[in-house]
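The residues making up each chain are set out below.
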Amino acid sequence: MRMPIYEVGEHEILREEAEVVDGETVVAQGTLYLTDRRIIYERRGRRGLIRAVPPKIILDVYLYDISNVSIAVPRLKLFTRKEMEIEYRKDGQKNKIVFRLSDPQRWDTEIRKWINDAKIKKEEEMKREEEERHRREVELAKARAPRANIGMAYFGKGPAQGQEQKPQDANVYDAEVRDIEEPKRLGEEKRLPQKCPRCGSDLPAGAKFCPNCGQEL
């Protein structure tokens, strides 16, 4: 018996020979696989008089894409028709497939169990991806922020064509620098000695008359 190729870390849960049916018609015969991530059905190959038909995977769906599982088991053992219907979404389309199995009840129980686990893991994965996408958007926005261009000259259309212009945020930066430097400069000027306008003598701070010539200030 051949096996489908599993993903890294994927584990097989169930495997059984099964038929795909449409009403009373058998559409395909092959093997149904249940893993902790997917349901896979491989149609059995067959030999023909003219050419052989190779095995083919006709169903490969992740468990989180399955929307419903239902079974039909006859109450009387005399009837052997035991079926399981799976509804799933693939490529944006709703689909369903019916399998004829020996023990659909067991398959139904296991599929429902692993579907819940798969959907929880998928939600966690989508949440991590959304958080990562948001983090990258924030970093990109910071990189594109005007403040990142402070100190960089650029040329473009404006009042003086071709002349160097400052980004708007650079003007804000200059104003902030002035707010810091201006009080410092004024403080230094206040500490400088003042001169008498008449004799040129140094005046003490707060003086109203020149101590040398008596000039009223």
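It should be noted that the structure appears before, not after, this text.
Computed from a predicted structure; not experimentally measured. (Residues numbered from 1 in each chain as written. Predicted model: local features only at pLDDT ≥ 70, side-chain atom pairs only at ≥ 80, totals over all residues. Heavy atoms only, no water.)

What about the packing of aromatic side chains?
According to the stated counting rule, one finds two aromatic pairs in the structure shown. Between tyrosine 41 and phenylalanine 99, the ring centres sit 5.2 Å apart and the planes meet at 50 degrees, which makes this aromatic pair tilted. Of this pair, tyrosine 41 sits in strand S3 (residues 38–43) while phenylalanine 99 sits in strand S7 (residues 93–100); the two residues are 58 residues apart in sequence, bridging distant segments of the chain. Take phenylalanine 99: its relative accessible area is 0%, and that puts it in the buried class. Centroid distance tyrosine 62 to tyrosine 64: 5.5 Å. Interplanar angle 10 degrees. Geometry classified as stacked. Residue classification places tyrosine 62 among the partly exposed residues on the basis of a relative accessible area of 27%. With a relative accessible area of 27%, tyrosine 64 lands in the partly exposed category. (Phe/Tyr/Trp six-rings, centres within 6.5 Å; stacked < 30°, edge-to-face > 60°. Helix = DSSP H or I, 4+ residues; strand = E, 2+ residues; numbered from the N terminus. Buried < 20%, exposed > 50% of the residue type's maximum accessible area, 1.4 Å probe, protein only.)

With respect to the nonpolar core
Formed by 24 residues in total, the largest nonpolar core has its most connected members in Leu32, Ile39, Ile66, Met84, Ile86, Phe99 and Ile111. For this core, the secondary-structure elements that each account for two or more residues are strand S1 (12–22), strand S2 (25–35), S3, strand S4 (56–62), strand S5 (66–72), strand S6 (83–90), S7 and helix H1 (104–144). If near-sequence neighbours (up to four positions away) are discounted, isoleucine 86 is found in contact with Ile39, Ile66, Asn68, Asn95, Lys96, Ile97, Phe99 and Ile111. (Core = buried A, V, L, I, M, F, W, Y, C linked by side-chain atoms within 4.5 Å. Contact = heavy atoms within 4.5 Å.)

What to know about the environment of glycine 45
Secondary-structure assignment places glycine 45 in the loop between S3 and S4. A residue is classified by how much of its surface remains accessible, and glycine 45, at 26% relative accessible area, is partly exposed. As a C-alpha pair, glycine 45 and proline 55 span ten residues in sequence and 4.0 Å in three-dimensional space. Here glycine 45 is in contact with Val53, Pro54 and Pro55, once residues within four sequence places are set aside.

What about the side chain of threonine 31?
Note that threonine 31 resides in strand S2. Looking at threonine 31, the relative accessible area reads 6%, which means it is buried. In terms of polar contacts, threonine 31 uses its side chain to reach the side chain of glutamate 17, at 2.8 Å. (Polar contact = N/O pair within 3.5 Å; in protein donor to acceptor, adjacent residues only side chain to side chain.)

As for the environment of threonine 35
Position of threonine 35 among the secondary structure elements: in strand S2. On the basis of relative accessibility, which here comes to 0%, the residue threonine 35 falls in the buried class. Note: C-alpha distance between threonine 35 and tyrosine 62 (27 residues apart in sequence) is 9.4 Å. Non-local contacts of threonine 35, meaning those with residues more than four positions away in its chain, are made with Tyr6, Glu10, His11, Glu12, Ile13 and Leu63. At 3.0 Å, the side chain of threonine 35 forms a polar contact with the backbone nitrogen of arginine 37. At 2.8 Å, the side chain of threonine 35 forms a polar contact with the backbone nitrogen of arginine 38.

Concerning the sheet that holds S3
If you trace the seven strands from one edge of the open sheet to the other, you get S4-S3-S2-S1-S7-S6-S5, paired in antiparallel fashion. In the strand order of this sheet, the two ends are held by S4 and S5, each with one partner. Between one strand axis and the next, the sheet turns by 30 degrees as a mean value, whatever way the strands run. Bridge count between S5 and S6: six bridges; the pairing is antiparallel. By the bridge assignment, alanine 72 is partnered in S6 with glutamate 83. Of the strands in this sheet, S1, S2, S3, S5 and S6 are in contact with H1, which crosses S5 at around 165 degrees. (Pairing = 2+ DSSP bridges. Axes fitted to C-alpha atoms, helices over the stretch in contact; angles between N-to-C directions.)

Considerations on unusual backbone geometry
Unusually for a residue other than glycine, aspartate 91 sits at a positive phi of about 55 degrees. Relative to the helices and strands, aspartate 91 is located in the loop between S6 and S7. Here aspartate 91 falls in the exposed class, since its relative accessible area comes to 72%.

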